[in-house]
There are 2 protein chains.
Amino acid sequence: MSQDGPIRVILVDDHKHIHDAVSTLLNQQADIQLVGQASNGFEVVRLCDELKPDVILMDVVMPGMNGVEATRQIREKHPHIKILVLSSFQDDASVHEMLANGANGYVLKGAIALDLADTIRTTYQGKSVFSNEVAQMLLRPNRDEQQQTFGLTDREQEVIKLMADGLNNNEIAHRLFISRSTVKFHIANIVQKMGVETRAEAIVLAAKNGLI
Amino acid sequence: MSQDGPIRVILVDDHKHIHDAVSTLLNQQADIQLVGQASNGFEVVRLCDELKPDVILMDVVMPGMNGVEATRQIREKHPHIKILVLSSFQDDASVHEMLANGANGYVLKGAIALDLADTIRTTYQGKSVFSNEVAQMLLRPNRDEQQQTFGLTDREQEVIKLMADGLNNNEIAHRLFISRSTVKFHIANIVQKMGVETRAEAIVLAAKNGLI
DNA sequence: CGCACACCTGTCCTTGTGGATAGGTGTTGT
DNA sequence: ACAACACCTATCCACAAGGACAGGTGTGCG
């Protein structure tokens, strides 16, 4: 892992200005060498066999084979190559998909100007680097979904929690000091507001959305 | 975010040899300055007010105030200070706890020798850095819990999934080409195996454990 | 005041569920 | 061959839930 020669890097991106910017940045670094460039997944997979890079800077969205599939194939054939994702924007789906397929880091292009070289070195050393926005996303999986209340009123939320505890209508009624009729009324509203057909579905939806 | 002066760093650790090692490493770096050292949480909280560091290298396990509480307090009073956790070992609980309290990165001490300077620079630039072991842990949250099947047989798992879709016993029976009686039999077994009282509770438990 | 809305209650009737009980068939491993 | 286990089926009955009405009360707002 210690550097004998320079860190060999391949850049994969289908935008010329990214190539120019990265070249300029990395050419100033003695310990990092940009050994190849590709503009889609097919090219980089082929280049890996040929150039044996240490680190790949990979875009996600590209014509032909995209970054996800390219990452998967490279990870399979060359497990030692570090793959650092350069994404144009915060794309929830691609973050998880790229990392699940073996990417070692995920930084937003907006941040690369600052110091891409350090990021490459850190990744090369076996650490994972994420732009803070990306790290936040990883640390709070589905924080948005947890806020889903489906427009349920306070009382309705109390009722669905008791439903989830397995109480039947009578038990809920006693617990809340209301009549069985009222409980049924609330449940009917809950089911309707949640857009489901039965109380069972409402419970599952609520559970999946952290409402319970 | 661009460096006018050097990156000002405080080290917090209760082991002298870590202090020595970090000092040695960082003294070689022109752009990083070790401006203070502390050996517990109380000291670093006080030092932060006084020294206004850019980055804190924080141990987790310390006498007196531990790293978690120190991180929380510093994050609250000085939101701009980056906190990089240096952990002696992979401690599942502390990873999540430290990050939840605002740590910006989490690296294992075994890896710092390689290049702590790059890690500090990368963190300073607003990215999150994690040792790969730690990143793996973040990417697979509660893999164990998802394996919870409560000893349900294949058929029982099919049944509970249909229950969760809101199907009643008759519909489940039709869907699985079995009788209503059999469905009731399976549900009774499911409820019993899951250690709950009602089908509603079984559904919630299943939903919470990713069984559905 | 009048409206909206959360909240509460009742009745009637059909259908579904819970629980107990008592079996049968087919596969797998000792 | 026998046991263990998954899987399937049936019957009986009390009770719960669902759906459709048709209301009443209290609070906040324009």
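So, here is what we can say about the structure in this document. Computed from a prediction, not measured in an experiment: that's the story for all the values here.

Cut-offs and rules
- Residues numbered from 1 in each chain as written.
- Chains lettered and ligands numbered in written order.
- Predicted model: local features only at pLDDT ≥ 70, side-chain atom pairs only at ≥ 80, totals over all residues.
- Heavy atoms only, no water.
- Pairing = 2+ DSSP bridges.
- Helix = DSSP H or I, 4+ residues; strand = E, 2+ residues; numbered from the N terminus.
- Axes fitted to C-alpha atoms, helices over the stretch in contact; angles between N-to-C directions.
- Contact = heavy atoms within 4.5 Å.
- Least-squares fit on C-alpha atoms with pLDDT ≥ 70 in both.
- Salt bridge = Lys/Arg side-chain N within 4 Å of Asp/Glu carboxyl O.
- Polar contact = N/O pair within 3.5 Å; in protein donor to acceptor, adjacent residues only side chain to side chain.
- Nonpolar A, V, L, I, M, F, W, Y, C, P; charged D, E, K, R; others polar.
- Buried < 20%, exposed > 50% of the residue type's maximum accessible area, 1.4 Å probe, protein only.
- Right-handed = clockwise from strand over helix to strand, strands pointing away.
- 1 Å grid on protein atoms, 1.4 Å probe; cavity = no way out; pocket = protein on both sides within 12 Å on 5 of 7 lines; lining within 4 Å.
- Points joined across faces, edges and corners; volume = space filled by probe spheres on them.
- Expected span 1.5 Å × (residues − 1).
- Arc of directions from axis to C-beta.
- Parallel < 35°, antiparallel > 145°, perpendicular 65-115°, else oblique.
- Core = buried A, V, L, I, M, F, W, Y, C linked by side-chain atoms within 4.5 Å.
- Near = heavy atom within 4 Å.

## A short note on the sheet that holds strand S6 (residues 127-131) of chain A
Then comes step 1: Taking strand neighbours across the sheet as the criterion, the twelve strands line up as S2(A)-S1(A)-S3(A)-S4(A)-S5(A)-S6(A)-S6(B)-S5(B)-S4(B)-S3(B)-S1(B)-S2(B) in an open arrangement whose pairing is mixed. The sheet is open, and its two edges are formed by strand S2 (32-38) of chain A together with strand S2 (32-38) of chain B, each paired on a single side. Put simply, the sheet's adjacent strands are angled 25° from each other on average, direction ignored.
Then comes step 2: Summarising the sheet, strand S3 (residues 55-59) of chain B and strand S4 (residues 82-87) of chain B pair through five bridges and their orientation is parallel. Along S4(B), the bridge assignment pairs B:Val55 with B:Lys82.
Then comes step 3: Sheet strands touched by helix H3 (residues 67-77) of chain B: S3 and S4 of chain B. Its angle to S3(B), the strand with the most contacts, is close to 160°.

## What about the relation of the copies chain A and chain B?
Then comes step 1: The two copies are related by a screw motion: chain A maps onto chain B through a turn of 178° and a shift of 0.2 Å along the axis, at an RMSD of 1.3 Å. Here the two chains are linked by the operation of a two-fold rotation axis.
Then comes step 2: When you check the interface residues of chain A against chain B, 100% turn up at the interface there too, and the contact is symmetric in its surfaces.

## A word on the interface of chain A and chain B
Then comes step 1: If you look at the interface, chain A gives 34 residues, while chain B gives 34 residues.
Then comes step 2: Our count for the contact surface shared by chain A and chain B stands at zero salt bridges.
Then comes step 3: Between chain A and chain B we count zero residue pairs in polar contact (both at pLDDT 80 or more) in total.
Then comes step 4: Elements that contribute at least two residues to the side of chain A that touches chain B include exactly helix H5 (109-124), S6, helix H6 (132-139), helix H7 (154-164) and helix H10 (199-208) of chain A.
Then comes step 5: With seven residues, the single largest contributor to the side of chain A that touches chain B is H5(A).
Then comes step 6: Here the side of chain A that touches chain B is built from residues that sort into 17 nonpolar, ten polar and seven charged.
Then comes step 7: In the sheet, S6(A) pairs with strand S6 (residues 127-131) of chain B via five bridges, with the strands oriented antiparallel. Looking at S6(B), one finds that A:Ser128 is bridged to B:Phe130.

## Re the pairing of strand S3 (residues 55-59) of chain A
Residue and element names in this part refer to chain A.
Then comes step 1: Across the five residues that make up S3, a large majority, five, are buried.
Then comes step 2: Burial along S3 is two-sided: Val 55, Leu 57 and Asp 59 facing one way and Ile 56 and Met 58 facing the other are all buried.
Then comes step 3: Both strand S1 (residues 7-12) and S3 contribute to a ladder of four bridges, which runs parallel. Paired with Val 9 across the two strands is Val 55, which belongs to S3.
Then comes step 4: With respect to chirality, the unit in which S3 leads through helix H3 (residues 67-77) into the neighbouring parallel strand S4 (residues 82-87) is right-handed.

## Section: the layout of surface pockets
Then comes step 1: Of the volumes computed, that of the second largest pocket is approximately 240 Å³.
Then comes step 2: Together, 15 residues line the second largest pocket, and A:Arg199, A:Ala200, B:Arg199, B:Ala200 and B:Ile203 are the ones closest to its centre.
Then comes step 3: Split into classes, the residues belonging to the lining of the second largest pocket amount to six nonpolar, seven polar and two charged.

## Things to note about unusual backbone geometry
Residues and elements named next belong to chain A.
Then comes step 1: Unlike most non-glycine residues, Lys 52 shows phi in positive territory, near 45°.
Then comes step 2: Relative to the helices and strands, Lys 52 resides in the loop between helix H2 (41-51) and S3.
Then comes step 3: The phi angle at Phe 177 is positive, at roughly 60°, despite the residue not being glycine.
Then comes step 4: Considering the arrangement of structural elements, one finds Phe 177 in the loop between helix H8 (169-176) and helix H9 (180-193).
Then comes step 5: Given the relative accessible area of 77%, Phe 177 is considered exposed.

## Focus: H9(A)
Residues and elements named next belong to chain A.
Then comes step 1: If you check H9, its first and last C-alpha atoms are 20 Å apart, about what 14 residues at 1.5 Å a residue would give, namely 20 Å.
Then comes step 2: Within the sequence span of H9, burial applies to Val 183, His 186, Ile 187, Ile 190 and Val 191. Down the axis, H9 shows its buried residues gathered within 135° of arc, on one side only. With respect to the buried face of H9, the exposed residues turned more than 90 degrees away are Ser 181, Phe 185 and Gln 192.
Then comes step 3: Once H9 finishes, Gly 195 follows within two positions and takes phi at roughly 70°, a positive value.

## Section: the environment of A:Val9
Residue and element names in this part refer to chain A.
Then comes step 1: Among the structural elements, Val 9 can be located in strand S1.
Then comes step 2: Relative accessible area serves as the criterion here: at 0%, Val 9 is assigned to the buried category.
Then comes step 3: Each residue touching Val 9, except ones within four places of it in the same chain, is listed here: Leu 26, Ile 32, Gln 33, Leu 34, Val 35, Gly 36, Val 55, Leu 57 and Ile 120.

## Focus: the packing of H7(A) against H10(A)
Residue and element names in this part refer to chain A.
Then comes step 1: Remark: H7 packs on H10, axes separated minimally by 10 Å, with the N-to-C direction vectors making an angle of 100°. For the element pair H7 / H10, the angle class is roughly perpendicular. Facing Ile 160, Met 163 and Ala 164 of H7, the residues of H10 in contact are Arg 199, Ala 202, Ile 203 and Ala 206.
Then comes step 2: Each residue belonging to the contact of H7 with H10 can be placed in one class, and the counts come to six nonpolar, no polar and one charged.

## What to know about the nonpolar core
Then comes step 1: A:Val44, B:Val44 and B:Met58 are the most contacted members of the largest nonpolar core, which totals 54 residues.
Then comes step 2: Every residue in contact with B:Met58, bar those within four places of it in the chain, is listed here: B:Val12, B:Val44, B:Gly67, B:Ala70, B:Thr71, B:Ile74, B:Ile83, B:Leu84, B:Val85, B:Leu86 and B:Met98.

## Points about the protein's contact with DNA strand C
Then comes step 1: Contacts to DNA strand C come from 14 residues, most closely from A:Thr153, A:Arg155, A:Ser179, A:His186 and B:Lys184.
Then comes step 2: If you look at DNA strand C and keep only atoms within 4 Å of the protein, 63% of those are sugar or phosphate atoms.
Then comes step 3: Contacts to DNA strand C include A:Arg155, whose side-chain N or O atom sits 2.7 Å from a phosphate oxygen.
Then comes step 4: Residue A:Ser179 places a main-chain N or O atom 2.5 Å away from a phosphate oxygen belonging to DNA strand C.
Then comes step 5: At the level of elements, H9 of chain A together with helix H8 (169-176) and helix H9 (180-193) of chain B are the ones that each hand at least two residues to the surface near DNA strand C.
Then comes step 6: Split into classes, the residues belonging to the surface near DNA strand C amount to two nonpolar, eight polar and four charged.

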